[in-house]
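Single-letter residue listing:
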Amino acid sequence: MKEKAIERLLASGIKPSVQRVEIMTYLMTHFTHPTVEEVYKALCPTIKTLSRTTVYNTLRLFSEHNAATMITIDEHRVCYDGDTHPHVHFFCKECGRVFDFMDEPAPVLTQKRDIQGHLVDEMQLYYKGICSDCLAKTEEQKAG
């Protein structure tokens, strides 16, 4: 998987470093849409010199070069996705998890578009609601 991470970085115009490769490998193997803090906590035991600032700057760089997708849920929660093909996300307002909805039609922007005088260069679609796990827990609490 590290080889694929290096390939993705090079294809995105990013010079691979040990930390960048590890962060990209994490994104490409963990489909939980992690935050900066989650990536940091997962990798700091194996990369002793890793800092939160490095993780933040690296993930931001990945997003700017389309090597990863930054998902801005709200002003308090930003997470990252290593799957960069267009797809829809779902944010659970109860547990805070982010899910991929691969069967939902996703917006695709093949080139920048002028919409009513605005230059659109990126599109994302995500739904907010309550996930099936949280709904099941609520039903169990009501029943029991």
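These remarks concern the structure in this document. This is a predicted model, so every value here is computed, not measured.

### Notes on helix α3 (residues 36-43)
Of all the positions in α3, only Val36, Val39, Tyr40 and Leu43 are classed as buried. Along the axis of α3, the buried residues cluster in a sector spanning 100 degrees; they form a single face. Tucked into the core, α3 has its buried residues touching α2 (18-29), α4 (52-64) and β2 (77-81).

### Some words on the layout of surface pockets
By volume, the largest pocket is sized at about 590 Å³. Contributing to the lining of the largest pocket are 22 residues, with Asn66, Thr69, Thr84, Glu122 and Met123 lying nearest its centre. A per-class count over the lining of the largest pocket returns nine nonpolar, nine polar and four charged.

### What to know about unusual backbone geometry
Peptide bonds are mostly trans, and most non-glycine residues show a negative phi. Although it is not a glycine, histidine 33 adopts a positive phi angle of roughly 55 degrees. Structurally, the position occupied by histidine 33 is in the loop between α2 and α3. Residue classification places histidine 33 among the buried positions, given a relative accessible area of 1%. Residue glutamine 116 is not a glycine yet carries a positive backbone phi of 50 degrees. Take glutamine 116: its relative accessible area is 75%, and that puts it in the exposed class.

### Concerning the nonpolar core
Membership of the largest hydrophobic core comes to 23 residues, with the highest contact counts inside it found for Ile23, Val55, Leu59 and Phe62. Of all the secondary structure elements, the ones that give two or more residues to this core are α1 (2-11), α2, α3 and α4. Leaving out residues up to four positions away in the same chain, leucine 59 has contacts with Ile23, Leu27, Val36, Val39 and Tyr80. In terms of nonpolar packing, the next biggest core, distinct from the first, is built from five residues, Ile71, Ile73, Phe91 and Val98 among them.

### A short note on the pattern of salt bridges
Taken as a whole and assessed by the stated rule, the structure comprises four salt bridges. In this structure, glutamate 22 engages lysine 2 in a salt bridge whose closest nitrogen and oxygen atoms are separated by 2.1 Å. Highlighted residues: glutamate 22 in helix α2 and lysine 2 in helix α1, separated in sequence by 20 residues. Put simply, arginine 52 and glutamate 37 hold a salt bridge, and the shortest N to O gap is 2.7 Å. Taken together, the residues span a long stretch of sequence, with arginine 52 in helix α4 and glutamate 37 in helix α3 at a distance of 15 residues.

Criteria and cut-off values
- Residues numbered from 1 in each chain as written.
- Predicted model: local features only at pLDDT ≥ 70, side-chain atom pairs only at ≥ 80, totals over all residues.
- Heavy atoms only, no water.
- Buried < 20%, exposed > 50% of the residue type's maximum accessible area, 1.4 Å probe, protein only.
- Helix = DSSP H or I, 4+ residues; strand = E, 2+ residues; numbered from the N terminus.
- Arc of directions from axis to C-beta.
- Contact = heavy atoms within 4.5 Å.
- 1 Å grid on protein atoms, 1.4 Å probe; cavity = no way out; pocket = protein on both sides within 12 Å on 5 of 7 lines; lining within 4 Å.
- Points joined across faces, edges and corners; volume = space filled by probe spheres on them.
- Nonpolar A, V, L, I, M, F, W, Y, C, P; charged D, E, K, R; others polar.
- Core = buried A, V, L, I, M, F, W, Y, C linked by side-chain atoms within 4.5 Å.
- Salt bridge = Lys/Arg side-chain N within 4 Å of Asp/Glu carboxyl O.

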